[in-house]
Amino acid sequence: MRTRPVILHLDLDAFFSAVEQLHKPSLRGKPVIVGGTGRRGVVATASYEARKFGVGSAMPIVEARRRCPNAAYLTPRFQAYRAASRVVMGVLAEVSPLIEQVSVDEAYVDLTPTHPGVDVPAVTELAEGIRARIHQVTGLTASIGVGTSKLIAKIGSDLNKPDGLTVVPPGSERELLAGMPVRRLPGIGPATQERLHKFGMHVVGEVAQATEQEIVGILGQAHGRAVHQHALGRDNRELEPERDAKSVSAEETFSRDLTDRRELMEHARRMAERVVGRITKDGLCARTITIKVRSYDFSTITRSFTLDQPTDSLPKVLAGVRQLLDAVEVSDGIRLLGVGVAGLTAFAQTDLLSDLLAEIGDEPDEVLPVKVTEDLPSSKGFGWTAELNDEPADTELTPDWRPGQDVVHAERGAGWVQGAGLGRVTVRFEGPHTGPGPIRTFRSDDPELEVGEPPVW
Ligand code: TTP
Ligand code: MG
C-alpha cells in the first residue's frame, strides 16, 4: 500500500458539451446535448444546464427532447474533442511522466517520479495548479481526485464534480467508502451487485466488515478477493501508461465453471456493452472482434475475425461475439471469458450510413461475414497491435449538413450549422473568440458554403 497521496485522477466536466460551449459562444450557460441526433440516437453527454432537466448519457435522444426541448442538439465533433484532449494530456505530462490515459477525457497520473514525498497540503496545491492551468490553456474545467490508489483517486474525482477537487487523506479510505453503494467499486456490475444484495450487503462498509472468506464464497476466488480488498480501501494497481486505445477488452473470471451457452452469452453481452461503450466514448470504430476463452483446465484460446467495415454498433459486435462463441466447445466448463475489439479507427462512414438508414426506417444489415482468421497470442492477454488511425472523419464524409458541424462561408467566414432541412441550412457565424454571432440561412447546396475545420486550441 502506498502511504502518500500520489495518485491523481482527472476527468473533464461534461466534456463534449463543454467543448461545444467553448467553440459556440451563443451556447454558453445553456442546455447543450451532444449525441446521435437521428431517431434512434442516444445522448453522449449533456451540459450541466441540461442535466437539471434529467438528461444524461445513454438516454435515447427522443426522451431527451421530451425532457429538455429547448436544448441545442448537436452531433459530435470528435476531431475537436481529440484536439482538446491532447492539450489537456500535455498539461498532465508536465506534471509527471507516469500517466495512464483511460479515455478521451480521463487520465490517471502517478506523482511518484516527480513528487514522491507529497502530503495532503502539497498535493492540494499541486492539483489546484493543474486545474487552473487546464482552464487557462483550454477554457475547460476538470475535476480531480487524489489519494493513495487508483480506486480512491477515481472515486474522489467524482465527489466534487463539476469543477472540483477531492483529496482523500491517507488512512481515511475505508471510512470514505463505507457508506457508498457497492456498485461504486470497480468490477461490480449489476450481477455482482445483485449477489451482494442477496447476502444483505448494500454499502461498501458491509462488504468491508465481512471476512475475505465470506466474500470469496459469494463472488469466487479472484473476484471476491479483489472486491474485499477494494472495500477496505486497499488497491495496489499500478498505472498502465501504454494503454492507449489500440484495443479495448473486458474479461470476467467466473466463480464456477460455466457450461451453459446462454449464461455465457449473457456475460459476453455485458462485456460487449462495456467495450462498445468505451470505444464510442472515444469516437472510435473497430474492425476486429475477439473473444478469449479459458477452460476449466486453464487452456486458453482466442478467436477473432475482421469485419469489412469498422463498426461501433453493439448489435454487430454482439452478433460477432455470438458466432465466435458458438464455435467454441464449452461443455467441459469455461472459467474465464473475454470480449474485445481492435483495429480501431476514428468514427467512420458506416456510422453515418447506419444513422441515415435508421432515419429512413431501414435496419442496417446485421449479418456478419465471419472469418476465423487466427489464434492471437494469449500469453499477454489481448496483445493486439492495431494502429489507432487518427484521420479526421468529420470533414470528408458529409452526406448532409449536421447540427453542430463546422462550416465556412466564402464571405462571412467560419460558423456552425444550427439546423438543416428542406433544402435549407441555418448557420451561426461565431467562434471561440467572438461574442454570440448572427444567424443566416442558405440553400443547402449554396456553393459559397463549405465544410469547415474545428477552431484551433
Ligand atoms: P464522461 O467523463 O463519462 O462524461 P462527461 O465528461 O460528459 O461528464 P462528467 O462531468 O460527468 O465527467 O465521458 C466523457 C465524454 O465521453 C462525454 O462528454 C461524452 C462521451 N461519452 C459518450 O459518448 N457516451 C457515454 O455513454 C458516456 C458516459 C460518455
Ligand atoms: Mg468527464
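This is a predicted model, so every value here is computed, not measured. Here the residue numbering is sequential within each chain, running from 1 through the sequence in written order. To read the labels, note that chains go from A and ligands from 1, taken in the order they are written. Local features are withheld for residues below a pLDDT of 70 in this predicted model, meaning they are given only at 70 or higher, and side-chain atom pairs are given and counted only at 80 or more; totals for whole chains, interfaces and linings count all residues. Side-chain measures were taken over the full set of non-hydrogen atoms in the model, leaving aside hydrogen atoms and water.

Things to note about the overall build of the protein chain
Phase 1 of the analysis: Under the scheme used here, helices are H or I runs from DSSP no shorter than 4 residues and strands are E runs no shorter than 2 residues, and both carry numbers assigned from the N terminus. Assigned secondary structure in the protein chain consists of 14 helices and 17 strands.
Phase 2 of the analysis: Contact criterion: two residues are considered in contact whenever any of their non-hydrogen atoms come within 4.5 Å of each other. Of the contacts made within the protein chain by residues no fewer than 6 positions apart, 65% connect residues no fewer than 24 positions apart.

Thoughts on the site of ligand 1
Phase 1 of the analysis: The rule for a residue being near a molecule or strand is that one of its heavy atoms must lie within 4 Å of it. In the vicinity of ligand 1 there are 14 residues, among which A14, T45, Y48, R51 and K281 approach most closely.
Phase 2 of the analysis: A distance of 2.8 Å is found between an oxygen atom of ligand 1 and a side-chain nitrogen or oxygen belonging to R51.
Phase 3 of the analysis: In protein, a polar contact requires one atom able to donate a hydrogen and another able to accept it; more generally it is a pair of N or O atoms within 3.5 Å, and residues adjacent in sequence count only if both atoms are side-chain atoms. Within the side chain of K161, one N or O atom sits 3.0 Å away from an oxygen atom of ligand 1.
Phase 4 of the analysis: Only the protein chains shown count as covering a residue, and every accessible area follows the Shrake-Rupley method with a 1.4 Å probe. In the complex, 80% of the free accessible area of ligand 1, which totals 550 Å², lies under the protein chains.
Phase 5 of the analysis: Contributions of two or more residues to the shell around ligand 1 are made by β1 (7–12), α1 (15–23), β3 (43–46) and α2 (48–51).
Phase 6 of the analysis: Amino acids outside the nonpolar list (Ala, Val, Leu, Ile, Met, Phe, Trp, Tyr, Cys, Pro) and the charged list (Asp, Glu, Lys, Arg) are all regarded as polar, and Gly is one of them. Here the shell around ligand 1 is composed, by residue class, of 6 nonpolar, 2 polar and 6 charged.

Comments concerning the packing of aromatic side chains
Phase 1 of the analysis: Pairs were defined over the aromatic rings of Phe, Tyr and Trp, the Trp ring being its six-membered one, requiring ring centres within 6.5 Å. Orientation was assigned from the angle between planes: stacked under 30 degrees, edge-to-face over 60, tilted for the rest. A complete count under the given rule lists 6 aromatic pairs for this structure.
Phase 2 of the analysis: When the centroid spacing of 4.1 Å and the interplanar angle of 15° are considered together, the rings of F16 and Y81 count as stacked. Placement of the pair is F16 in helix α1 and Y81 in helix α4 (residues 78–95), with a sequence separation of 65 residues. Assigned by exposure class, F16 and Y81 land together as buried.
Phase 3 of the analysis: Positioned above the aromatic ring of Y48, the side-chain terminus of R51 is 4.1 Å from the ring centre. Categorising residues by exposure relies on relative accessible area from a 1.4 Å probe, with only protein chains included: less than 20% of the type maximum marks a residue as buried, more than 50% marks it as exposed, and the intermediate range marks it as partly exposed. Charge-over-ring contacts are defined here by two conditions on Lys NZ or Arg CZ: a distance within 6 Å of the ring centre and an angle within 35 degrees of the ring normal.

Re the coordination of the magnesium ion (ligand 2)
Phase 1 of the analysis: A donor here means an N, O or S atom no more than 2.8 Å from the metal, or no more than 3.2 Å when the metal is Na, K or Ca. Since water is not included, a site may seem to lack partners. Protein coordination at the magnesium ion (ligand 2) comes from D11 (OD), L12 (O) and D105 (OD), with a distance range of 2.0 to 2.2 Å.
Phase 2 of the analysis: Square planar and octahedral sites, with four and six donors, are those where opposite donors lie more than 155 degrees apart and all other angles lie between 65 and 115, tetrahedral sites have four donors with every angle between 85 and 135 degrees, and the rest are irregular. Its 6 donor atoms give the magnesium ion (ligand 2) angles of 83 to 178° at the centre, a pattern that matches the octahedral case.
Phase 3 of the analysis: Here the donor residues for the magnesium ion (ligand 2) map to a single chain with the spacing D-L-x92-D. With D11 in strand β1 and D105 in the loop between β5 (99–103) and β6 (106–110), this residue pair connects regions lying 94 residues apart in the sequence. Each member of the pair, D11 as well as D105, is classed as buried.

Re the nonpolar core
Phase 1 of the analysis: L8, L10, F15, I130 and L140 are the most contacted members of the largest nonpolar core, which totals 45 residues.
Phase 2 of the analysis: Of all the elements, α4 adds the most residues to this core, at 9 residues.
Phase 3 of the analysis: Sequence-distant contacts of F15, that is, excluding residues within four places in its chain, are made with Y81, A84, S85, V104, D105 and L140.
Phase 4 of the analysis: Core analysis: the next-biggest nonpolar cluster, separate from the first, contains 31 residues, L258, I289, F305 and L344 among them. In these notes, a set of buried Ala, Val, Leu, Ile, Met, Phe, Trp, Tyr and Cys residues joined through side-chain atoms within 4.5 Å is what counts as a nonpolar core.

Some words on unusual backbone geometry
Phase 1 of the analysis: The omega torsion of the bond from K161 to P162 falls at -5°, within 30 degrees of zero and hence cis.
Phase 2 of the analysis: As for its placement among the helices and strands, P162 is situated in the loop between α6 (150–159) and β8 (165–167).
Phase 3 of the analysis: Unlike most non-glycine residues, D163 shows phi in positive territory, near 60°.
Phase 4 of the analysis: Classification of D163 by relative accessible area gives partly exposed; the value is 43%.

A few points about the UniProt feature "site: Substrate discrimination" (unreviewed entry) in the protein chain
Phase 1 of the analysis: UniProt positions are given in the numbering used here, feature names are shortened, and annotations may be inferred rather than shown by experiment. Feature annotation in UniProt assigns "site: Substrate discrimination" (unreviewed entry) to the following positions: F16.
Phase 2 of the analysis: According to the relative accessible area criterion, F16 is buried, its value standing at 7%.

Considerations on helix α13 (residues 314–326)
Phase 1 of the analysis: The end-to-end C-alpha distance of α13 is 18 Å, a good match for the 18 Å that 13 residues give at a rise of 1.5 Å each.
Phase 2 of the analysis: Along α13, the residues classified as buried are V317, L318, A319, G320, V321, L324 and L325.
Phase 3 of the analysis: Buried residues in α13 make contact with α12 (261–281), β10 (284–295), β11 (300–311) and β12 (334–346).
Phase 4 of the analysis: Capping of α13 at its N-terminal end is provided by S313; its side-chain oxygen lies 3.1 Å from the backbone amide nitrogen of K316. By definition here, a helix of n residues has an expected span of 1.5 Å times n minus one.

What to know about the sheet that holds strand β16 (residues 439–443)
Sheet strands pair by backbone hydrogen bonding; their relative direction is either parallel or antiparallel.
Phase 1 of the analysis: At least two DSSP bridges between two strands are required for those strands to pair. Taken in spatial order, the 5 strands of this open sheet run β16-β15-β14-β13-β17, and their pairing is antiparallel. Strands with a single pairing partner mark the edges of an open sheet, and in this sheet they are β16 and β17 (449–451). Averaged over all pairs of adjacent strands, the angle between their axes in this sheet comes to 40°, without regard to strand direction. As a rule, the C-alpha atoms of each element are fitted with a line to give its axis, helices using only the stretch in contact, and angles between N-to-C directions run from 0 to 180 degrees.

A look at the packing of helix α10 (residues 212–219) against helix α11 (residues 221–231)
Phase 1 of the analysis: Where α10 meets α11, the axes come as close as 7 Å, and the angle between the chain directions of the two elements is 135°. The orientation of α10 with respect to α11, classified from their angle, is oblique. Like other packed secondary-structure pairs, α10 and α11 cross with a definite hand, here right-handed. Taken together, the residues of α11 that come into contact with α10 (itself represented by E212, I215, V216 and L219) are Q221, H223, G224, R225, V227, H228 and Q229. Throughout this description, any angle smaller than 35 degrees is read as roughly parallel, any larger than 145 degrees as roughly antiparallel, any in the 65 to 115 degree range as roughly perpendicular, and the remainder as oblique. Each crossing gets its handedness from the near helix: less than a right angle anticlockwise from the far helix is left-handed, clockwise is right-handed.

Considering the side chain of S17
Phase 1 of the analysis: Along the chain, S17 falls in helix α1.
Phase 2 of the analysis: Overall, S17 belongs to the buried group, its relative accessible area being 0%.
Phase 3 of the analysis: Excluding anything up to four places from it in sequence, S17 contacts V32, V34, T45, A46 and S47.

Some details on the pattern of salt bridges
Phase 1 of the analysis: Salt bridge, as applied in this entry: a Lys or Arg side-chain nitrogen positioned within 4 Å of an Asp or Glu carboxyl oxygen. All chains considered together, the criterion is met by 22 salt bridges.
Phase 2 of the analysis: Salt bridges sharing partners connect three or more residues here, namely E20, K24, R77 and D406.

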